[in-house]
Amino acid sequence: AARAVKDQAFREAPDSPIPPDKRNVVLPLAYFPVDPNYAVPAVLRLAEERPVFEMLTSSGEPRRMQLVGVLEFTLQGETRSLGAFVPDGTEQITNLFVPFADQTTGKETYAAGRYLDIDPTTTGYYTIDFNRAYNPYCAYNATFECPFPPSSNRLTAAVRAGEKAPPA
């Protein structure tokens, strides 16, 4: 249902990232089938201080992000981790930004990686649902600036869940 709502918003919203002349080519968005094996429990290991990273972006301008911590989880039988970020200067965390790349990046999925947005919890325990992985807006329109996943967020597994690359 969430996928259909997103398609409708991208087709009809005046601020859609997909230019009107490309909507019939790009929509509906392409996804891997939903797979419960890609919704995994995780623990967030908080960073002692929130170090600032300059994340490279599609425009070439770095974006200042703070590392909140590292999500540790098991996927495809192996322990893995992904950094969780917020924009530099964030005081109250309302969303963890988790950009990532994997073995499908540039083949089945967008060449610059994909994103996850994860709501914070008070327990430190999370579910990472890769079925909700989505493309940055620059995948549809080069006028958008999108941060690239840092090298620490490049998984050695093929994550065949979530959004696929849009047609060229």
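One structure accompanies this document, and this report is about it. Not measured: the values here are computed from a predicted model.

1. What about the overall build of the protein?
Okay, so step 1: Regarding its fold elements, the protein presents two helices and seven strands.
Okay, so step 2: Taken from the N to the C terminus, the helices and strands of the protein come in the order α-α-β-β-β-β-β-β-β.
Okay, so step 3: Against the 2.2 N^0.38 benchmark of 15 Å for 168 residues, the protein shows a C-alpha radius of gyration of 16 Å, consistent with a compact globule.
Okay, so step 4: Each principal axis of the C-alpha distribution contributes one length, and for the protein these read about 50 × 35 × 25 Å.
Okay, so step 5: Within the protein, the proportion of its 168 residues that are buried is 46%.
Okay, so step 6: Sequence separation of at least 24 residues holds for 60% of the intrachain contacts in the protein that already meet a minimum separation of 6.
Okay, so step 7: Approximately 9,200 Å² of the protein is accessible, and the part contributed by carbon and sulfur atoms is 52%.
Okay, so step 8: Taken together, the 16 basic and 20 acidic charged side chains of the protein have centroids lying 6 Å from each other.

2. Description of the pairing of strand S6 (residues 114–118)
Okay, so step 1: Burial runs high along S6: four of the five residues are buried.
Okay, so step 2: As paired elements, strand S5 (residues 96–100) and S6 share five bridges and run antiparallel to each other. Bridge pairing in S6 places Pro 99 opposite Tyr 115.

3. Focus on the environment of Pro 99
Okay, so step 1: The residue Pro 99 is located in strand S5 in this model.
Okay, so step 2: Expressed as a C-alpha distance, the spacing of Pro 99 and Val 159, which sit 60 residues apart in the sequence, is 13 Å.
Okay, so step 3: Ignoring any residue separated from it by four or fewer positions in sequence, one finds Pro 99 in contact with Met 55, Phe 85, Arg 114, Tyr 115, Pro 149, Pro 150 and Asn 153.

4. What to know about the side chain of Gln 66
Okay, so step 1: In this fold, Gln 66 is placed in strand S3 (residues 63–75).
Okay, so step 2: Within polar-contact distance, the side chain of Gln 66 engages the side chain of Asp 88 at 3.0 Å.

5. Details of the pairing of S3
Okay, so step 1: Note that strand S1 (residues 39–46) and S3 share five bridges and pair antiparallel. What sits directly across from Leu 46, in S3, is Gly 69.
Okay, so step 2: With four bridges connecting them, strand S2 (residues 52–55) and S3 associate as antiparallel partners. Its bridge partner lying in S3, Phe 53 is registered against Met 65.
Okay, so step 3: Where S3 hands over to strand S4 (residues 78–87), the hairpin turn is made up of two residues, of which Gln 76 adopts a positive phi near 55°.

Calculation criteria
Residues numbered from 1 in each chain as written. Predicted model: local features only at pLDDT ≥ 70, side-chain atom pairs only at ≥ 80, totals over all residues. Heavy atoms only, no water. Helix = DSSP H or I, 4+ residues; strand = E, 2+ residues; numbered from the N terminus. Rg over C-alpha atoms; globule rule 2.2 N^0.38 Å. Buried < 20%, exposed > 50% of the residue type's maximum accessible area, 1.4 Å probe, protein only. Contact = heavy atoms within 4.5 Å. Areas by Shrake-Rupley, 256 points an atom, 1.4 Å probe, with all protein chains shown as cover. Lys, Arg positive; Asp, Glu negative; His and termini not counted. Charge placed at Lys NZ, Arg CZ, Asp CG, Glu CD. Pairing = 2+ DSSP bridges. Polar contact = N/O pair within 3.5 Å; in protein donor to acceptor, adjacent residues only side chain to side chain.

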